[in-house]
Amino acid sequence: MIPILARRTFRMAGVVAMTTAVSYGIAMPLPYLAPLLAFMLTAAPSPPPGPKGLMVLVLALAAALSTGLVLIPVLLNYPVVGVLLIGVGLFFSTIISIGLGKGPVGVVLAVGLTMIPAAGMMDYGLAVGVLQALLLAVTIAVLCQWLVYPLFPEDSPALEVAAPEAPQTVHWLAMRAAIIVLPPVMLAFSNPGLYMPVILKSLLLAQQDNRLNASIAGRELVGSTVMAGVLAILFWFALQLSPTLWFFVLWMLLFCGFGAAKFYGVLTSRFTPSFWQNTVVTMFILLGPAVQDSASGNDVYQAFAVRLGLFIAVTLYAWLAITLLERLRAGTVSPVGNL
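Bear in mind that the values here come from a model prediction, so they are computed numbers and not experimental data.

**Quick word on the overall build of the chain**
Here is step 1 of the chain: Along its length, the chain carries twelve helices and zero strands.
Here is step 2 of the chain: Taken from N to C terminus, the helices and strands of the chain fall in the order α-α-α-α-α-α-α-α-α-α-α-α.
Here is step 3 of the chain: Looking at the 339 residues of the chain, the share that counts as buried comes to 52%.
Here is step 4 of the chain: Counting contacts in the chain only where the partners sit at least 6 residues apart, residues at least 24 apart contribute 79% of the total.
Here is step 5 of the chain: When the accessible surface of the chain is summed, it comes to about 15,300 Å², and 73% of that surface belongs to carbon and sulfur atoms.

This is the structure in structure tokens:
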């Protein structure tokens, strides 16, 4: 019998690799969204939703993501109001992630509230394409989970329920996440094509690392971003040995398997699971646009260097924001306030 942690590792790698094969094989828009969401949806040790659950999930996400389309005319005519509405949406998406324990759902909603309006500032049809890509990515990820999960199931259907955060903590983390994400989103409005991956990176920092305090933020945020850059470079040069879809899928199976083994603790590491989750997902965000640049004939290396530099800049900003906000919060808490 395969140990449970090894099964989770094989399941994660299998789902992500299969999702990569399908998304790139059918040439879906923004194909790297599918393996990215597959990793996040498969991270929790739980069985995938059934057909009814998938239908409800897709319909709910479609309704929620449509708000991103509604925000486009607001941003074009009343930009300040539009940005404030995005901030409120990010606040509630983080509450969904932390307070309700629906991390992937919260991330998808946050992506819809930021990437869709940013794309709509360039072209409304592009915004609709981003919405369709998100829904298709979630569907492909769940379908691949259906195929892989029976091969590597959990020991018991019972799930470990994490202790909920205190309401005050949830609201503080949600506000902090909105502050981290809003500046990169506003930057993306000036050039959505260039800064679209930066939005994903900022959302990852805000949603997945929102429990970090300032003392460990540097190692978790900056370290995982640099590690992701190293893995993406190794992945890219390995892919040059045979730049075909099947080798791309096989390398994805290997690299994601390594990241999943670190994430689940099969391979010992001094870093936390959130570090490795951030690393693997950031690797997807770096690799996906690079593959698209290669297909369109753009300068892959220059674009990769610019993208990685922007990621590090956004990460340093997130670290600075966490440090300042934590100091501000500590300064506002006094013994008098507890009387």
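**Observations regarding unusual backbone geometry**
Here is step 1 of the chain: Not every positive phi belongs to a glycine, and alanine 27 is a case in point at roughly 55°.
Here is step 2 of the chain: By secondary structure assignment, the location of alanine 27 is in the loop between helix H1 (4–25) and helix H2 (33–43).
Here is step 3 of the chain: Accessibility expressed as a relative area gives 62% for alanine 27, which makes it exposed.

**Some words on helix H4 (residues 79–98)**
Here is step 1 of the chain: Helix length check: H4 (20 residues) gives 29 Å between terminal C-alpha atoms against 28 Å at 1.5 Å per residue, within 8%.
Here is step 2 of the chain: Buried within H4 we find Gly82, Val83, Ile86, Gly87, Gly89, Leu90, Ser93, Thr94, Ile95, Ser97 and Ile98.

**Side note on the packing of H4 against helix H5 (residues 103–122)**
Here is step 1 of the chain: Where H4 contacts H5, the two axes come as close as 7 Å, and the packing angle between them is 170°. Classified by the angle between their axes, H4 and H5 sit roughly antiparallel to one another. Residues Ile86, Gly89, Leu90, Ser93, Ile96 and Ser97 of H4 pack against Gly103, Val105, Gly106, Val107, Leu109, Ala110, Leu113 and Thr114 of H5.

**Some points on the pattern of salt bridges**
Here is step 1 of the chain: Under the defined criterion, the tally for this structure stands at three salt bridges.
Here is step 2 of the chain: A salt bridge links arginine 7 to aspartate 155, with the nearest nitrogen and oxygen atoms 2.7 Å apart. With arginine 7 in helix H1 and aspartate 155 in the loop between helix H6 (124–148) and helix H7 (167–188), this pair connects stretches of sequence that are 148 residues apart.
Here is step 3 of the chain: The exposure class assigned to arginine 7 is buried, which follows from its relative accessible area of 4%.
Here is step 4 of the chain: Under the relative-accessibility criterion, aspartate 155 is labelled exposed at 56%.
Here is step 5 of the chain: A salt bridge links arginine 11 to glutamate 154; the nearest nitrogen and oxygen atoms lie 2.6 Å apart. Pair noted here: arginine 11 is in helix H1 and glutamate 154 is in the loop between H6 and H7, with a separation of 143 residues, a long-range link.

**Digging into the environment of proline 51**
Here is step 1 of the chain: With respect to the element layout, proline 51 can be found in helix H3 (residues 51–77).
Here is step 2 of the chain: In the structure, proline 51 is positioned 92 residues away from leucine 143 in sequence and 9.2 Å away in space, judged by C-alpha atoms.

**Points about the confidence of the model for the chain**
Here is step 1 of the chain: Taken as a whole, the chain shows an average pLDDT of 83; of its residues, 89% reach a score of 70 or greater.
Here is step 2 of the chain: The secondary structure element of the chain with the lowest average pLDDT is helix H8 (residues 192–208), at 72, and the one with the highest is H1, at 95.
Here is step 3 of the chain: A low-confidence stretch, residues 158–164 (pLDDT under 50), is modelled with two contacts involving residues beyond four sequence positions or located in other chains.
Here is step 4 of the chain: Across residues 333–339 the pLDDT falls below 50, and counting only partners more than four positions away or on other chains, this stretch makes zero contacts in the model.

**Some points on a nonpolar patch on the surface**
Here is step 1 of the chain: Together, Val226, Val230, Leu234, Ile312, Leu316 and Trp319 make up a nonpolar patch on the protein surface, roughly 480 Å² of accessible area in all.
Here is step 2 of the chain: When residues of the nonpolar patch are traced back to their parent elements, those giving at least two are helix H9 (214–239) and helix H12 (300–332).

**Focus: the packing of aromatic side chains**
Here is step 1 of the chain: The final tally for this structure, using the stated rule, is 14 aromatic pairs.
Here is step 2 of the chain: Taking the centre distance of 5.3 Å and the plane angle of 80° together, the rings of phenylalanine 275 and tryptophan 276 count as edge-to-face. Of the two residues, phenylalanine 275 and tryptophan 276, neither departs from the other in class, the shared state being buried.
Here is step 3 of the chain: Taken together, the aromatic side chains of Tyr24, Phe235, Phe248, Trp251 and Phe255 make up a single cluster linked through ring pairs.

What counts as what
- Residues numbered from 1 in each chain as written.
- Predicted model: local features only at pLDDT ≥ 70, side-chain atom pairs only at ≥ 80, totals over all residues.
- Heavy atoms only, no water.
- Helix = DSSP H or I, 4+ residues; strand = E, 2+ residues; numbered from the N terminus.
- Buried < 20%, exposed > 50% of the residue type's maximum accessible area, 1.4 Å probe, protein only.
- Contact = heavy atoms within 4.5 Å.
- Areas by Shrake-Rupley, 256 points an atom, 1.4 Å probe, with all protein chains shown as cover.
- Expected span 1.5 Å × (residues − 1).
- Axes fitted to C-alpha atoms, helices over the stretch in contact; angles between N-to-C directions.
- Parallel < 35°, antiparallel > 145°, perpendicular 65-115°, else oblique.
- Salt bridge = Lys/Arg side-chain N within 4 Å of Asp/Glu carboxyl O.
- pLDDT = per-residue confidence, 0-100.
- Patch = residues over 30% accessible without salt bridge, like charges linked within 9 Å, V, L, I, M, F, W, Y side chains within 5 Å.
- Phe/Tyr/Trp six-rings, centres within 6.5 Å; stacked < 30°, edge-to-face > 60°.

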